[in-house]
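# Structural description and commentary
Residues per chain, in single letters:
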Amino acid sequence: MSASVSVTPPSVGVWLIGARGSVATTVVAGCAAVTAGLHTPTGMVTETPVFADTRLPPLSSLVFGGHDTVDCPLPKRAEALAAGGVLPQGLPVAVGAELAAADREIRPGGPLPGDTRTPDELISSHAADIQDFVRRRGLARAVVVNVASTEPAPTGAALPPSSLYAAAALRAGCPYVNFTPSTGLQHPALASLVASCGLPYAGRDGKTGQTLLRSVLGPMFAQRALTVRAWSGTNLLGGGDGAALADPAAAAAKNAGKERVLTDSLGATPEGETHIDDVPALGDWKTAWDHIAFEGFLGTRMVLQTTWQGCDSALAAPLVLDLARLLARAHEAGLTGPLAELGFYFKDPVGESPAALGEQYAELTGLAERLRAAGPPLGEPGAGQHPTPHEETR
Ligand SMILES: NC(=O)c1ccc[n+]([C@@H]2O[C@H](COP(=O)([O-])OP(=O)(O)OC[C@H]3O[C@@H](n4cnc5c(N)ncnc54)[C@H](O)[C@@H]3O)[C@@H](O)[C@H]2O)c1
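Residues numbered from 1 in each chain as written. Predicted model: local features only at pLDDT ≥ 70, side-chain atom pairs only at ≥ 80, totals over all residues.

## What about the overall build of the protein chain?
So the rule is basically this: The numbering of helices and of strands both runs from the N terminus, where a helix is a DSSP run of H or I of at least 4 residues and a strand a run of E of at least 2. Taken over C-alpha atoms, the radius of gyration is set against a globule rule of 2.2 Å times the number of residues to the power 0.38. The burial criterion counts other C-beta atoms lying within 10 Å of a residue's C-beta, which is placed from the backbone; the residue is buried at 20 or more, exposed at 12 or fewer, and partly exposed between these limits. By definition, residues are in contact whenever their C-beta atoms, placed on the basis of the backbone, come within 7 Å of each other.
Summing up its helical and strand segments, the protein chain has 13 helices and 11 strands in all. In summary, the protein chain has a C-alpha radius of gyration of 21 Å against a globular reference of 21 Å for 394 residues, a match within 12%. For the protein chain, the spread of C-alpha atoms along the principal axes amounts to about 70 × 60 × 45 Å. Taken over 394 residues, the protein chain has a buried fraction of 50%. In the protein chain, the proportion of contacts linking residues at least 24 apart, taken out of those at least 6 apart, comes to 79%.

Structure below.
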């Protein structure tokens, strides 16, 4: 008779840049709610059978921390989200301990108003915060995920805040995910660091609503040999994201990703624009309209219109949890560089990725297969000897 030994999986850190925002708060509250069995993991692709036996870190093993430039406590932020219908009533109280624990792990980000630190000092300070988190909490590794406010594309040589955080993630030896349209690792000044970091990374800009629909409908028109004459879109949203995107430069960064999906799937950029309007009264609830003018047999003109009414943070949070688990497991399995197979999750994916959602899903299942084949996690018999974040940077 063989005795079965139950091994507690090692804890894995999720370090959120923008840790007090709507998406981050929904991630922390949602993970605690699913772990406690209060809600099902609806919207989490990593909880579907495709990922069975891929040895992803369980949700119960995730430990949250992060950077933010505001100091509103997470439990208070969660109450505000519940009042707006983003989180279920009562959830902030039910998971109050987990929200408070994550709140204790949030450090002031930067640059703060009047900050005199140089870019390198900011990178070192951010990296030290992340390494301290990993060390104190005894984590096997930590994944850094950018869910901070969208920033405008940089115009000069200076690194924008998202790139300082991305460089800090690499300096701390952590896999990195850019869930926003901000520059992050894609700044030319970081190219050699990125090429030599030996870490997996993914991005950019989570594909949760209008663009998700576009990545299904664009290939449909192309495959049915229907000619798209114009594709126009409008988004109405409020919340912090709506306010950030009221800045035309930030909105331009967002819209570039939305257009890339159409250009890639149709083979050319169609006529038409995408607009984003800040409507504070809507909070986290977004309405996105698309108007697609197309032409069929004998030049007959037709129109498809779609209306998407979604709760942005409820759409984004399960994807952030998926990505944190996938990057942690990819790091453990020794995968490095851009994880193009994660194009399924992004508007503007890193690496070579097909544009159609169906093909992207096939690539994701290929990644699941790779992770399944990569062997047991560290700490279990037969585990591979991949370095911990600290060892890698020495
Ligand atoms: N469906 C979605 O919700 C979705 C989809 C794709 C991308 N995104 C992106 O996710 C991001 C977060 O969205 P949100 O709705 O949570 O926004 P939010 O405004 O609620 O939260 C953003 C947080 O970032 C913080 N922040 C700003 N500058 C910072 C800095 N320099 N350092 C650290 N923190 C900083 C803010 O204080 C705030 O707490 C946005 O960039 C958004 O475009 C969201």
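## Overview of the pairing of strand β1 (residues 12-17)
Convention followed: When the strands point away from the viewer, a crossover counts as right-handed if the path from the first strand over the helix to the second runs clockwise. Any two strands with at least two DSSP-identified bridges between them are counted as paired.
Most of β1 sits out of view: six of its six residues are buried. Residues Val12, Val14 and Leu16 line one face of β1 and the alternating positions Gly13, Trp15 and Ile17 line the opposite face, and both faces are buried. Crossover β1 to strand β2 (residues 62-68) through helix α1 (residues 22-35) is right-handed. Of the pairings in the sheet, the one linking β1 to strand β4 (residues 141-146) comprises six bridges and is parallel in character. Across the sheet, valine 12 pairs through a bridge with arginine 141, a residue of β4.

## Looking at the packing of helix α5 (residues 119-136) against helix α6 (residues 161-171)
Pairs of packed helices are described in terms of their axes, by the angle between the two and the distance that separates them. Put simply, the rule reads: In this analysis, axes come from line fits to C-alpha atoms, helices being fitted only over the stretch in contact, and the angle between any two N-to-C directions falls in the range 0 to 180 degrees. For classification purposes, an angle smaller than 35 degrees is called roughly parallel, one larger than 145 roughly antiparallel, one from 65 to 115 roughly perpendicular, and anything else oblique. Take the far helix as your reference; a near helix turned counterclockwise from it by less than a right angle gives a left-handed crossing, and one turned clockwise gives a right-handed crossing. Following the grouping adopted for this structure description, the nonpolar residues are Ala, Val, Leu, Ile, Met, Phe, Trp, Tyr, Cys and Pro, the charged ones are Asp, Glu, Lys and Arg, and the polar ones are all others, Gly among them.
Two numbers describe how α5 lies on α6: the axes approach to 8 Å, and their chain directions differ by 50 degrees. With respect to each other, α5 and α6 are oriented oblique. Here the hand of the crossing between α5 and α6 comes out right-handed. Counted together, Pro119, Leu122, Ile123, His126, Ala127 and Ile130 of α5 and Leu164, Tyr165, Ala167, Ala168, Ala169 and Arg171 of α6 form the full contact between these two elements. Split into classes, the residues belonging to the contact of α5 with α6 amount to 10 nonpolar, one polar and one charged.

## Here we look at the packing of helix α8 (residues 210-223) against helix α10 (residues 248-266)
As a packed pair, α8 and α10 sit with axes 8 Å apart at the nearest point and diverge in direction by 15 degrees. Between α8 and α10, the angle is such that the two are roughly parallel. Two packed elements cross with a definite hand, and for α8 against α10 that hand is right-handed. Taking contact as the criterion, the partners of Gln210, Thr211, Arg214, Ser215, Gly218, Pro219, Phe221 and Ala222 in α8 are, on α10, Gly257, Lys258, Val261, Leu262, Ser265 and Leu266. Partitioned by chemical class, the residues of the contact of α8 with α10 number six nonpolar, six polar and two charged.

## Quick look at the site of the ligand
Here is the rule: A residue counts as near a molecule or strand when its C-beta atom, positioned from the backbone, falls within 6 Å of it. Domain start and end points were adopted from an automatic or database domain assignment.
In the neighbourhood of the ligand, 29 residues make up the surrounding shell, with Gly18, Gly21, Gly109, Gly240 and Asp312 lying closest. Looking at the shell around the ligand, the elements that each hand over two or more residues are α1, β2, α9 (239-244) and α11 (312-332). Tallied by class, the residues present in the shell around the ligand amount to 10 nonpolar, 14 polar and five charged. Mapping the shell around the ligand onto the domain boundaries places at least three of its residues in each of domain 1 (12-206 + 314-393) and domain 2 (210-311).

## Considering the sheet that holds strand β6 (residues 200-203)
Across the sheet, which stays open at both edges, the seven strands sit in the order β3-β2-β1-β4-β5-β6-β11 with parallel pairing between neighbours. With partners counted over all chains shown, the strands left at the sheet margins are β3 (106-108) and β11 (337-338), one partner each. Strand direction decides the pairing type here: β2 and β3, joined by three bridges, are parallel. Directly across from histidine 67, in β3, lies its bridge partner arginine 107. The strands touched by α6 within the sheet are β1, β2, β4 and β5 (176-178), with β5 carrying the most contacts at an inclination of about 160 degrees.

## Focus on the domain arrangement of the protein chain
Accessible area lost upon the coming together of the parts serves often as the stated size of an interface. For the protein chain, the assigned domains read domain 1 (12-206 + 314-393) and domain 2 (210-311). The distance between the C-alpha centroids of domain 1 and domain 2 comes to 27 Å. At the junction of the two partners, domain 1 supplies 19 residues and domain 2 supplies 25 residues. In the side of domain 1 that touches domain 2, the residues fall into nine nonpolar, six polar and four charged.

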